[in-house]
Amino acid sequence: MAYDLAQFIADCRLSLARDPGPAGREEVRVNLERLLQNQDFIRQYCGDDQPRGLKLLYEDPALGFQVLAHINDKARASPPHDHGASWAIYGQATKYTDMTEWQREDDGSDARHARLKPVKKYRLNPGQAGIYQDGAIHSIDYPDYARFVRVTGTNLDKIDRIKIDPATGAVEQMSAQQAT
Ligand SMILES: [Fe+2]
């Protein structure tokens, strides 16, 4: 039987209950890649008949992690941003996402300005998942019809996060969870 959403969620709970740190999260990342091999899952949750936008597939009542499907029609490039005190795993379902990981070169003492340098750039193709640990800064750039499944350590709407204008270094607080 193909690896499905229910099995993935059960495995996430086991992994993160056993180890909520990087080792447990890495198991989640590997299992997300496994789930994304399942074409029935892709059709059912990321297919063209799905409503557009962000869909919550699961939220764990005990551990707090979320599984979200991002059903996009339009290309988008995000500014560099973090996920606050949470981690996030991005798994590509259709098309691709170009990822840039950024490093902060200042000491973080100025809440309104940051100096960033890009340190890693790569493409996530269908079936591939990348992990962004607490406080890591990344930006995403995807074409029309790129869809992805994201697992976050907690509901990002409930925590403080920042986005940074790479040209000016201006830091802004983020509130909505939309597609970041
Ligand atoms: Fe993000």
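Here, the structure is the one placed above.
Residues numbered from 1 in each chain as written. Predicted model: local features only at pLDDT ≥ 70, side-chain atom pairs only at ≥ 80, totals over all residues. Heavy atoms only, no water.

> How do you make sense of the overall build of the protein when you look at a structure like this?
Summing up its helical and strand segments, the protein has three helices and 11 strands in all. A compact globule built from 180 residues would reach a C-alpha radius of gyration of about 16 Å, and the protein, at 16 Å, matches this within 12%. Principal-axis analysis of the C-alpha atoms places the extent of the protein at approximately 50 × 35 × 25 Å. Looking at the 180 residues of the protein, the share that counts as buried comes to 49%. Considering only contacts within the protein whose residues lie at least 6 apart along the sequence, 72% involve residues at least 24 apart. (Helix = DSSP H or I, 4+ residues; strand = E, 2+ residues; numbered from the N terminus. Rg over C-alpha atoms; globule rule 2.2 N^0.38 Å. Buried < 20%, exposed > 50% of the residue type's maximum accessible area, 1.4 Å probe, protein only. Contact = heavy atoms within 4.5 Å.)

> What's the story with the sheet that holds strand 1 (residues 53-59) in this structure? I'm lost.
The strands making up a sheet associate through hydrogen bonds between their backbones, and the pairing can be parallel or antiparallel. Ordered in space as 1-2-9-4-7, the five strands form an open sheet in which the pairing is antiparallel. Strands with a single pairing partner mark the edges of an open sheet, and in this sheet they are strand 1 and strand 7 (129-132). Strand-to-strand twist of the sheet, defined as the mean angle between neighbouring strand axes without regard to direction, takes the value 20°. With six bridges connecting them, strand 2 (residues 66-71) and strand 9 (residues 147-152) associate as antiparallel partners. Residue pairing across strands places Val67 opposite Val151, the latter belonging to strand 9. Sitting on the sheet, helix 1 (residues 5-18) touches strand 1, strand 2 and strand 9, and the angle it makes with strand 1 is about 60°. Helix-sheet contacts for helix 2 (residues 22-35) involve strand 4 (88-94), strand 7 and strand 9, and the interaxial angle to strand 7 is about 155°. (Pairing = 2+ DSSP bridges. Axes fitted to C-alpha atoms, helices over the stretch in contact; angles between N-to-C directions.)

> Where do I start with the environment of Gly169 in this structure?
One can find Gly169 in the loop between strand 10 (161-164) and strand 11 (171-174). Relative accessible area serves as the criterion here: at 4%, Gly169 is assigned to the buried category. The contact partners of Gly169, leaving out residues within four places of it in the chain, are Arg112, His113, Ala114 and Ile164.

> Could you clarify how one ought to interpret the nonpolar core in this entry?
Note on soluble globular proteins: their nonpolar side chains tend to be buried together. Counting 26 residues, the largest nonpolar core has Leu5, Phe8, Leu32, Phe41, Val67 and Val151 as its most contacted members. If one sorts the elements of this core by residue count, helix 1 sits on top with five residues. Excluding its chain neighbours within four sequence positions, the residues that come into contact with Val67 are Leu5, Phe8, Lys55, Leu56, Leu57, Tyr58, Val149, Arg150 and Val151. (Core = buried A, V, L, I, M, F, W, Y, C linked by side-chain atoms within 4.5 Å.)

> Help me understand the side chain of His83 in this model?
Secondary-structure assignment places His83 in the loop between strand 3 (76-77) and strand 4. A relative accessible area of 0% means that His83 is categorised as buried. Within polar-contact distance, the side chain of His83 engages the side chain of His81 at 3.5 Å. (Polar contact = N/O pair within 3.5 Å; in protein donor to acceptor, adjacent residues only side chain to side chain.)

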